[in-house]
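Residue-level structure breakdown
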Amino acid sequence: MSISTGRRRQWRPDWPASLATMRIHRRGPGDPTYRIDDAGRHWRALLTPEGPATLVLDLRAGDATVDAEAWGPGADWALSAVPDLLGAADDWSGFEPRHPVLVEARRRHPHLRLGRTDLVMEALLPAVLEQRVTGQEAFAGFRMLVRRHGEPAPGPGADRGLRLQPPAAELRRIPSWEWLQLHVDPARSRAVVTAARVAESLERTIGLPGPEVERRLCSLPGIGVWTAAEVRQRAHGDPDAVSFGDYHVAKDVGWALTGSEVDDAGLAELLEPWRPQRGRVPALVYAAGLRRPRHGARMAPRTHLPAPGRRT
């Protein structure tokens, strides 16, 4: 199909879907692969198995119909993935909130869904860049990487400044000195390049059980349980994926459920009754806006390359 020719799809979910489900895929306010326009439409530039695509979604307030349009060789794939992107495949049956905080959060957010992209490298690349650094630094590095090495998005996406993530072949070609210019230290750049070398195998983890996905991801140098969970949440829509090792998650969930911050071991103990849907607990906590009070100083951006930290 011609890149200038857009494909259209209208889809009416059987629940009150929300485009807010997609926000988990936005990597900071300046993410060049994601835009929200003045009309509230969500634009994404993505590399699909069938080629690059620009996707825009609009939600009609009156009848909850999703209007989708896509351009590029991957347009048909992008349109077919819209229901799962917004959570159509997510199943909350079997999840019992149990805790009063979660019961109330579920009551207030009965239609919360976990979406999935089915695109592993799309989730893995920024997750690796976010290891052991502040969000500010990670988002800046991701922006520079996409602008230098990503192509303009197809169709009107390019006019809106949208760019595609670099494909695996391009990531493998970036020299070590340029990664440093992007403020990506050698440990993280090696992890990206290593993953890019086996990108096709990683994409084949879609549909596998969560523990097997984690095992395969964590078999790669520089990929730990935090990064694997971030990928499982976004690419696989895994309801049991929990970001152990995160700077905030254990503290926030512990504070919401017990009134006190906990560490990763404490979080694991707290969440065990909800296995194999442990990831729904942090999702409900954050949907309800339950974050512990921030009294201390924030983690400062680096002025040098540090020793490895917690989050991998």
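The numbers attached to residues start from 1 for each chain and follow its sequence in the written order. In keeping with the predicted nature of the model, local features appear solely for residues at pLDDT of at least 70, side-chain atom pairs appear and are counted solely at 80 or more, and the whole-chain, interface and lining totals rest on all residues. Note: side-chain values were computed over all heavy atoms of the structure, leaving out hydrogens and water.

1. Quick word on the side chain of Arg 292
Positionally, Arg 292 belongs in the segment after helix H14 (280–287). Any N or O atom pair separated by 3.5 Å or less is treated as a polar contact, with the protein-specific requirement of one donor-capable and one acceptor-capable atom, and with residues adjacent in sequence counted only for side-chain atom pairs. Separated by 2.7 Å, the side chains of Arg 292 and Asp 252 make a polar contact. A polar atom in the side chain of Arg 292 sits 3.1 Å from the side chain of Glu 261. Contact criterion: two residues are considered in contact whenever any of their non-hydrogen atoms come within 4.5 Å of each other. Beyond its immediate stretch of four places on either side in the chain, Arg 292 contacts Tyr 247, His 248, Lys 251, Asp 252, Trp 255 and Glu 261. Secondary structure elements are taken from DSSP: a helix is a run of H or I of four residues or more, a strand is a run of E of two residues or more, and numbering for both begins at the N terminus.

2. Some details on the sheet that holds strand S5 (residues 66–71)
DSSP bridges decide pairing: two strands pair if at least two such bridges lie between them. With respect to topology, five strands assemble into an open sheet ordered S1-S5-S4-S3-S2, the strand pairing being antiparallel. Two strands lie at the open edges of the sheet, namely strand S1 (7–11) and strand S2 (34–36), each paired on one side alone. Ignoring which end each strand starts from, the neighbouring axes of this sheet average 20° apart. One ladder, built from six bridges, connects strand S4 (residues 51–59) with S5; its direction is antiparallel. Across the sheet, residue Asp 58 finds its bridge partner in S5, namely Asp 67. Each axis is a line fitted through C-alpha atoms, and for a helix only the stretch in contact is used; angles between axes span 0 to 180 degrees, taken between their N-to-C directions.

3. Focus on unusual backbone geometry
Omega for the bond connecting Arg 275 with Pro 276 falls within 30 degrees of zero, at 10°, which places this linkage in the cis form. Along the chain, Pro 276 turns up in the loop between helix H13 (264–271) and H14. In this model, His 183 sits at a positive phi of 65°, which is unusual for a non-glycine residue. Here His 183 lies in the loop between helix H7 (176–181) and helix H8 (186–197).

4. Digging into the layout of surface pockets
For cavity detection a 1 Å grid was placed over the protein atoms alone, and a set of points counts as a cavity when a 1.4 Å probe fits there but cannot get out; an open set counts as a pocket when protein lies on both sides within 12 Å along at least five of seven lines, with lining residues being those that have an atom within 4 Å of a point. Grid points are joined across faces, edges and corners, and a volume is the space filled by probe spheres set on the points. Considering only enclosed or pocket space, the second largest pocket measures out at about 420 Å³ in volume. Residue assignment for the lining of the second largest pocket shows that the elements contributing at least two residues are strand S3 (42–48), S4, helix H4 (120–129), helix H6 (168–173) and helix H9 (199–203). Broken down by element, the residue count for the lining of the second largest pocket peaks at four residues, all from S3. By the convention adopted, Pro, Cys, Tyr, Trp, Phe, Met, Ile, Leu, Val and Ala count as nonpolar, Lys, Arg, Asp and Glu as charged, and the other residues, Gly among them, as polar. Per-class residue counts for the lining of the second largest pocket are 13 nonpolar, three polar and four charged.

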